[in-house]
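# Per-entry structural report
For reference, the chains in residue letters:
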Amino acid sequence: MNAKTGFEAWREKNPSFPFPDEFRIMNDGSMKATWNHIESGWYQLYVSFTWDADGRPVEGTMEEEAIGQPDYYSRSLTLLNEDALAQTLAGYM
């Protein structure tokens, strides 16, 4: 029996987070998951995270914007590991 890796293993550890809106298999075999338009209060979040072809976490990004106020507040961050991905999504639940 094969152990789960990549997104499957991360998801098993974090079942309460929203399911990604999109999955994309890249030319090199890596897998990118994307969460679009997660809303909380006056903010919306866009997140993407990539696992390599062997299931190891690569990195991701998050973009946060104020809804309806593009000049008010926004930020973009690099997510260096799966813990940062989990912390980012947890902040919007």
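To start, this report covers the structure provided alongside it. Predicted model only: the values in this text are computed from it and were never measured. (Residues numbered from 1 in each chain as written. Predicted model: local features only at pLDDT ≥ 70, side-chain atom pairs only at ≥ 80, totals over all residues. Heavy atoms only, no water.)

### Considerations on the packing of aromatic side chains
Counted under the stated rule, the structure contains nine aromatic pairs. Ring plane angle 85° and centroid distance 5.9 Å describe the contact between Phe-7 and Phe-19, whose orientation is recorded as edge-to-face. You can see Phe-7 sitting in helix H1 (residues 6-13) and its partner Phe-19 sitting in the loop between H1 and strand S1 (22-25), a full 12 residues away along the chain. Exposure remark for Phe-7: the relative accessible area of 10% places this residue in the buried category. Relative to Trp-51, the ring of Trp-10 has its centre 6.3 Å away and its plane inclined at 50°; by these criteria the two rings are tilted. Linking Trp-10 in helix H1 with Trp-51 in strand S3 (residues 43-51), this pair joins segments that are 41 residues apart in sequence. The same class applies to Trp-10 as to Trp-51, namely buried. Cluster of aromatic residues (ring-pair linked, three or more members): Phe-7, Trp-10, Phe-17, Phe-19, Phe-23, Trp-35, Phe-49 and Trp-51. (Phe/Tyr/Trp six-rings, centres within 6.5 Å; stacked < 30°, edge-to-face > 60°. Helix = DSSP H or I, 4+ residues; strand = E, 2+ residues; numbered from the N terminus. Buried < 20%, exposed > 50% of the residue type's maximum accessible area, 1.4 Å probe, protein only.)

### Here we look at the side chain of Glu-82
With respect to the helices and strands, the residue Glu-82 is situated in helix H2 (residues 82-90). The buried charged residue Glu-82 lacks any salt bridge partner; its closest oppositely charged side chain belongs to Lys-13, at an N-O distance of 4.3 Å. Glu-82 has contacts with Gly-6, Trp-10, Lys-13, Phe-49, Trp-51 and Pro-57, leaving out every residue within four places of it along the chain. (Lys, Arg positive; Asp, Glu negative; His and termini not counted. Salt bridge = Lys/Arg side-chain N within 4 Å of Asp/Glu carboxyl O. Contact = heavy atoms within 4.5 Å.)

### Focus on the sheet that holds strand S4 (residues 57-66)
Taken in spatial order, the five strands make up an open sheet running S1-S2-S3-S4-S5, and their pairing is antiparallel. The open sheet has two edge strands with one neighbour each: S1 and strand S5 (74-79). With strand direction ignored, the average angle separating the axes of adjacent strands in the sheet is 15°. Examined bridge by bridge, S3 and S4 share nine bridges and lie antiparallel to one another. Counted as the bridge partner of Leu-45 is Glu-64 from S4. Lying over the sheet, H1 contacts S1, strand S2 (31-40) and S3, oriented at roughly 35° with respect to S2. Along the sheet, H2 contacts S2, S3, S4 and S5; its crossing angle with S3, the most-contacted strand, is approximately 160°. (Pairing = 2+ DSSP bridges. Axes fitted to C-alpha atoms, helices over the stretch in contact; angles between N-to-C directions.)

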